[in-house]
Structures are given as C-alpha cells and as structure tokens.
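# Structural description and commentary
Now for the letters of each chain:
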Amino acid sequence: MKIDIDQNRLTRELNELAAFSDVPAPAVSRIVFSDQDLRARAWLKDLCAKANLDVREDAVGNTFARWHGSEPAAPAVGTGSHIDAIPHSGRYDGTVGVLGGLEAIRALQASGFQPRRSLELLLFTSEEPTRFGLGCLGSRLLAGTLDPAADETLRDSEGSSLQEIRTRAGFHGPLSSVLLTPGYYDAFVELHIEQGPLLENRGVPLGAVTAIAAPASLRIDIQGQGGHAGAVLMPDRHDAFLAAAEIALALEQAARSTGAIDSVATTGVCDIFPRVINGIPSRVNLEADIRDIDADRRDRMLVHLEQTCTEIAARRGVTITPEFINRDAPATCDPRIVSAIAAVCDENGFRFDRMVSRAYHDSLFMSRICPAAMLFIPCRAGVSHLPDEYSSPEAIAQGTLVLAQTLAKLANS
Ligand code: HGY
Ligand code: MN
Ligand code: MN
C-alpha cells in the first residue's frame, strides 16, 4: 500500500493556519476562543468536511473529525493536537499534529486503505494555559481529570468565566458531557515538534516518545508593606518584590540541586503592585512552572519551595501564600503504540530515537483514558514558543508519513 503525503498542500495549510493570528508574521498569537481561534477552527472544519470526515464538537469545543471504519462500533484510533498558540509564538507547536493528522488520513484515503477501526482527528481546546491559567483544558475534561465546576472557577484576566466565554463562542451543554466513555479509543497518537534540540543535535529525524514529564504549576501571592521609596528606612521595609526575587532564585536552586537534568523550574509571571518607581512593592503575584519526568523528584522540589517560602516570610515579615494550579502525574506511553511507531520507522529505514517529552501535551491526559503515545520531529535549534520556531516541510512530511502508517497498523489491529 503506497501512501503519498502531499507535502506542498500540508506546508501551504500550515502557513494558511498561521495567518489566523493577532500579531503579524512570523509570530503567531491565537488565544483560545479569540476571534482568530474561532476563524481557524471554522477553516479547519471546512478542510475536514472536504475530506468527507464526520465532524462534531463537544461542549468545550474539542473537535472530532471521524473517518468511519468498517467496524464503526469498535473503539476508534485517534490522532490530533491543538491549534491555540501562546502570544508571540510559532506556527508549528500543535498545528503539525492537527494538520499532519488530517494529511495522514487524507493520504490513507487516497491510498485505498480501508480502516477496520474508525480513524478520528482531534483538535483539543486550550492546550495552552494562556487564557485560563491551566493547560490541557479540553483533554483534562475528556479524561475526567478536571472537575466540571471549573466552568465557573476558571476565569480569564478580565474575570469572565469559562462558561461565559465558551457559550459566547458557540459551545453549549454541561461541561460534564465532555467526558469520553471508557473504551472510546483503542489508541491515540500525537505528532508534535520536539520543542527541544536532541533530535536535531543527533541528526535523527524521528522520536518515539516513551514518557511525558509531570507538570506542576502554582501561583504565589506575596503580601508585604508598601510605602514611600525615599522615606521608609531599610530596616523598616517589608518589600514584597525582594521576597519574590528570593523565591524565584530558590526555585532555580531547587531544580539545579536535584542531581538530575530532567528537573526544571521557571518563574514566568511576576506582577508587582503598585508598580511605581518611587513606591515600595506592597504585593507581588508570581506564577511558577516546575517539571520532572520523575514525579517524586518533582514533588521534593515543591516541598523545598514551600519550606523556603515559610522561611522567607518569617525573615522578611511578609505573608506568602502558595496555591497549586495543577500537579499532574507523568505519563508512560503505551508500549504497543511505541512499538508500532518503531516498526514503521524500521520498515521505512528511518532512524529514530526513543525519548521522553519534557513539554506536556494533550497525550498526557489522553493516556489516562486510552493507550497513548507521541511521535516527535525535530525543530530548528530546539526553539519553540517563539516566532522563529521552525520545522522543515520534509521533516513534517516524514513525520506525517510515519503517523499515517502507524494509524493504519493500529486501525486494523
Ligand atoms: O508548556 C508546555 O509544555 C506546552 O507546550 N503547553
Ligand atoms: Mn506549547
Ligand atoms: Mn504543543
């Protein structure tokens, strides 16, 4: 069965999708449920309809495009990713998995392949934490790992709730209806850029992902004492920002001192109040991201952080309140699917590495409800979440070909 990936069409579609953006090229900003996101979704649904796929959307906007197999009642094989993009980022993160998944299905259709199990493309809602502060919103709800009460509790920076925003975007129904029934999928495979430099450094074109790191994130509120930048003497100060600075450095030290290269931590948000040059910071809001492929080691970093906050609060006379946003377990990718990816690479004579994913993905939550794995392709210098994120048309097409052949194996397993 010869499967031809239409590399030019796939490249063109990736560039068309990138144009649905709130910032000029080469950067992409496409926040979930923004006008650009909704336009991009409509454009994608039209492509799926043209491929004769049966399209449906759930109450949070997860979108499913199904090619019905000869055994429609059998658990399906899924593939897909996300199209939301953090501000001023790139055009390949997530989109390669959505448009590559569509191209894989179209190539299988054109090859005359007949799936026994249905093949289904997914577009997950809000993989990025940008708008609601929590990543993988759509896949968490599909997996039942997020309380539907999030409809009210999750709010964007303007105070609008998830419920208000999703219904305004045209997605209705109770959030509890998003949960997938057990056995809905027999397998799920996500194609994604590596978002790291390992494949490119090794000159290897493909990565079969064996595990996905355990992400945790938290908000830290620091309440100090404001005052006049000139009049308050240093011994009398309770500067909230200096306490925050110590926390950020302690977090870095915690990640560097575990002895493992897989421990990482970043303080990516720091809001200072009242944010005036001649006022002592009275309050700071920090948001930190802590990950490791080993959950226990990650949790030891979190314990160290909490102990450090207690010590800084006492010494500086400030109040420090850490609040977890998420604290997820890592995922082990399904060995059967990893083996199917490996077999396809071997059959094609493609080199590949088995590797872990340090970024989290929707596959992390799909693995809670079905066997799941990921296929990586290189991105230039490992750059991602930046406008110069890049993966070559050839690398994307090769990854799409391996995805197509892997889906075919799984659909008729
Ligand atoms: O942050 C992540 O790992 C993903 O790219 N959202
Ligand atoms: Mn991302
Ligand atoms: Mn992604």
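Let me begin by describing the structure that accompanies this report.

### Thoughts on the coordination of the manganese ion (ligand 3)
Here the manganese ion (ligand 3) is held by H82 (NE2), D93 (OD) and H192 (NE2), and the distances to it run 2.1 to 2.3 Å. Linear spacing of the donor residues for the manganese ion (ligand 3) on their chain is H-x10-D-x98-H.

### Concerning the packing of aromatic side chains
Considering all chains together, one arrives at six aromatic pairs under this definition. Geometrically, the ring pair formed by F124 and F188 is edge-to-face, given 5.7 Å between the ring centres and 75° between the ring planes. In this pair, F124 is assigned in strand β6 (residues 119-124) and F188 in strand β7 (residues 185-193), connecting sequence segments 64 residues apart. We classify F188 as buried; its relative accessible area is 0%. Centroid distance Y184 to Y185: 4.6 Å. Interplanar angle 85°. Geometry classified as edge-to-face. Note on accessibility: Y184 and Y185 belong to one class, buried. When the ring centre of F64 is taken as origin, the NZ or CZ atom of R56, which lies over that ring, is 3.8 Å away. R327 extends its terminal NZ or CZ atom over the ring of F324, reaching a point 4.5 Å from the ring centre.

### Re the pairing of strand β11 (residues 283-292)
Among the 10 residues that make up β11, seven are buried, leaving the element largely enclosed by the rest of the structure. Where strand β9 (residues 214-223) lies against β11, 10 bridges are found, and the strand directions are antiparallel. Paired with A214 across the bridge in β11 is D292. Direction of pairing for strand β10 (residues 264-273) relative to β11: antiparallel, over a ladder of nine bridges. Note on β11: the bridge partner recorded for T266 is D289.

### Points about the coordination of the manganese ion (ligand 2)
In this structure, D93 (OD), E128 (OE) and H385 (NE2) serve as the protein donors to the manganese ion (ligand 2), at separations of 2.1 to 2.2 Å. Sequence spacing among the residues donating to the manganese ion (ligand 2) works out to D-x34-E-x256-H. A separation of 3.6 Å is found between the manganese ion (ligand 2) and the manganese ion (ligand 3), which share D93 as a coordinating residue. Here E128, found in the loop between β6 and α4 (137-143), pairs with H385, found in the loop between β15 (372-377) and α12 (393-411); they are 257 residues apart in sequence, far enough to count as distant. Residue classification places E128 among the buried residues on the basis of a relative accessible area of 5%.

### A short note on helix α10 (residues 335-348)
Because the α-helix completes a turn every 3.6 residues, residues three or four places apart line up on one side. Compared with an ideal rise of 1.5 Å per residue, which puts 14 residues at 20 Å, α10 spans 20 Å between its outermost C-alpha atoms and is within 8% of the ideal. The complete set of buried residues in α10 reads I337, V338, A340, I341, A342, V344 and C345. By the N-cap criterion, in which a side-chain oxygen at the helix start approaches the backbone nitrogen of a residue two or three places on, α10 is capped by D334, the distance to R336 being 3.1 Å. Note on α10: the residue one or two positions beyond its end, G349, has a positive phi of about 70°.

The rules we used
Residues numbered from 1 in each chain as written. Chains lettered and ligands numbered in written order. Predicted model: local features only at pLDDT ≥ 70, side-chain atom pairs only at ≥ 80, totals over all residues. Heavy atoms only, no water. Donors = N, O, S within 2.8 Å, 3.2 Å for Na, K, Ca; no water. Phe/Tyr/Trp six-rings, centres within 6.5 Å; stacked < 30°, edge-to-face > 60°. Helix = DSSP H or I, 4+ residues; strand = E, 2+ residues; numbered from the N terminus. Buried < 20%, exposed > 50% of the residue type's maximum accessible area, 1.4 Å probe, protein only. Lys NZ or Arg CZ within 6 Å of the ring centre and 35° of its normal. Pairing = 2+ DSSP bridges. Expected span 1.5 Å × (residues − 1). Polar contact = N/O pair within 3.5 Å; in protein donor to acceptor, adjacent residues only side chain to side chain.

Shape descriptors only; they carry no functional weight alone.
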